[in-house]
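Working through the structure, step by step
Listed here are the chains, written in short residue letters.
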Amino acid sequence: MSTVAEIEAAIRALPPSERERLAEDLPSILPELRGDIVWQRIINDERPRPALSALGDRIEAQFKAHPGQFPEIRDSDFDKRQ
């Protein structure tokens, strides 16, 4: 089996069109690159996170007390800013 360095060198030696094809295929070759899988792993992680839970509780309490301070997110909020 090749080492990571040998694989990297082989990828660098590919013509641009083949590198592009490889980049498109990588999520099927390495499923851990797919964002949904990463998020699912985070969601299903049952380890306690007291600081994160406390932050979520504080934000929820603030939202219940002052919902107007939390504007609704719009699609345009994710547009690139120039």
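Residues numbered from 1 in each chain as written. Predicted model: local features only at pLDDT ≥ 70, side-chain atom pairs only at ≥ 80, totals over all residues. Heavy atoms only, no water.

Before going further, it helps to examine the overall build of the chain. Helix and strand counts for the chain stand at 4 helices and 0 strands. Overall, the chain shows an N-to-C arrangement of helices and strands of α-α-α-α. In summary, the chain has a C-alpha radius of gyration of 21 Å against a globular reference of 12 Å for 82 residues, an excess of more than 25%. Looking at the chain as a whole, 0% of its 82 residues are labelled buried. Accessible surface computed for the chain: about 8,000 Å², of which carbon and sulfur atoms make up 58%. Side chains of the chain carry 12 positive and 16 negative charges; the gap between the two charge centres is 5 Å. (Helix = DSSP H or I, 4+ residues; strand = E, 2+ residues; numbered from the N terminus. Rg over C-alpha atoms; globule rule 2.2 N^0.38 Å. Buried < 20%, exposed > 50% of the residue type's maximum accessible area, 1.4 Å probe, protein only. Areas by Shrake-Rupley, 256 points an atom, 1.4 Å probe, with all protein chains shown as cover. Lys, Arg positive; Asp, Glu negative; His and termini not counted. Charge placed at Lys NZ, Arg CZ, Asp CG, Glu CD.)

Time to look at the pattern of salt bridges. What the rule picks out here adds up to 6 salt bridges. Between Arg21 and Asp25 there is a salt bridge, with its nearest N and O atoms 4.0 Å apart. A residue pair is termed a helical-turn pair when its members lie 3 or 4 positions apart in one helix, as Arg21 and Asp25 do in helix α2 (residues 16-29) at 4 residues. Across the salt bridge formed by Asp45 and Arg47, the nearest N and O atoms sit 2.5 Å from each other. Put simply, Glu18, Arg21 and Asp25 are held in one network by salt bridges that share partners. (Salt bridge = Lys/Arg side-chain N within 4 Å of Asp/Glu carboxyl O.)

Let us now look at a nonpolar patch on the surface. Taken together, the side chains of Leu52, Leu55, Ile59, Phe63 and Phe70 present a nonpolar region at the surface, about 440 Å² in accessible area. Classification of Ile59 by relative accessible area gives partly exposed; the value is 39%. (Patch = residues over 30% accessible without salt bridge, like charges linked within 9 Å, V, L, I, M, F, W, Y side chains within 5 Å.)

Let us look at the packing of aromatic side chains. Counted according to the given criterion, the structure contains 1 aromatic pair. Consider the rings of Phe63 and Phe70, whose centres lie 5.5 Å apart with planes at 75 degrees: the pair is edge-to-face. The exposure class assigned to Phe63 is partly exposed, which follows from its relative accessible area of 42%. (Phe/Tyr/Trp six-rings, centres within 6.5 Å; stacked < 30°, edge-to-face > 60°.)

What follows covers the confidence of the model for the chain. Confidence in the prediction for the chain averages 89 pLDDT; 96% of positions are at 70 or higher. Ranking the elements of the chain by mean pLDDT puts helix α3 (residues 35-44) last with 82 and helix α4 (residues 50-65) first with 96. (pLDDT = per-residue confidence, 0-100.)

Once that is clear, we can look at the environment of Ala13. Relative to the helices and strands, Ala13 resides in helix α1 (residues 4-13). Judged by its relative accessible area of 62%, Ala13 is exposed. Residues Ala13 and Glu60, spaced 47 residues apart in sequence, show a C-alpha to C-alpha distance of 52 Å.

The next point concerns α2. Each turn of an α-helix holds 3.6 residues, which means side chains three or four residues apart point in the same direction. Compared with an ideal rise of 1.5 Å per residue, which puts 14 residues at 20 Å, α2 spans 19 Å between its outermost C-alpha atoms and is within 8% of the ideal. Its axis deflected by about 30 degrees at Ala23, α2 carries its strongest bend there, up to four residues before the proline Pro27. (Expected span 1.5 Å × (residues − 1). Bend = angle between axes of the 7 residues up to and from the residue.)

For Glu6, the position within the fold is in helix α1. A polar contact is formed between the side chain of Glu6 and the backbone nitrogen of Thr3, at a distance of 2.8 Å. (Polar contact = N/O pair within 3.5 Å; in protein donor to acceptor, adjacent residues only side chain to side chain.)

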